[in-house]
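Here is what each chain is made of, one letter per residue.
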Amino acid sequence: MNRRLVLAVLVWAAVSVVAFLAIPDVLVSAGLVIFGAVLLLVLAMARDWDEHSTFEEREVLRARRRKERWERSADARARDRERWEAHQARRAPQAADDPQRRR
């Protein structure tokens, strides 16, 4: 755990005890303790705020993964293209016979 976070927990615990002992109203004391706990949670969650990757780094990784998937499926695309060209070759005589037919 981070030293700052440990220090913040200790300060929060001390302030919580003092709040319940010094403030006669329990609701106000509980409100201060809850507010401090929320601030402590925000501090803990924001601990690694600046350690994330940049947009550009994430996009480079995504582009690399897309390129790998594209290269893996090259054979399937080549087979599909061959089948399509064979289909078009079979249809070419029919299209020459019937100019109205568009399919």
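Look above for the structure.
Okay, so let's go over this structure. (Residues numbered from 1 in each chain as written. Predicted model: local features only at pLDDT ≥ 70, side-chain atom pairs only at ≥ 80, totals over all residues. Heavy atoms only, no water.)

As for the pattern of salt bridges
Where we set the bar: Note on definitions: salt bridges are taken to be side-chain nitrogens of Lys or Arg within 4 Å of carboxyl oxygens of Asp or Glu. Secondary structure follows DSSP: runs of H or I at least 4 residues long count as helices, runs of E at least 2 residues long count as strands, and numbering of each begins at the N terminus. Think of it in three bands: residues with accessible area under 20% of the maximum for their type are buried, residues over 50% are exposed, and the middle band is partly exposed, with areas taken using a 1.4 Å probe on protein chains only.
In the structure shown here, the tally under the stated rule is two salt bridges. One salt bridge connects Glu59 with Arg62, and the closest N-O pair in it is separated by 2.5 Å. Here the residue Glu59 and the residue Arg62 both occupy positions in helix H3 (residues 55-72), the gap between them amounting to three residues, near one helical turn. The class for Arg62 is partly exposed, based on a relative accessible area of 32%. The shortest N-O distance in the salt bridge between Arg83 and Asp80 comes to 3.9 Å. Of the two residues, Arg83 and Asp80 both sit in helix H4 (residues 74-97), three residues apart, roughly one turn of that helix.

Some points on the environment of Glu56
Summarising the element assignment, Glu56 is placed in helix H3. As for Glu56 and Val9, which are separated by 47 residues in sequence, their C-alpha atoms are 36 Å apart.

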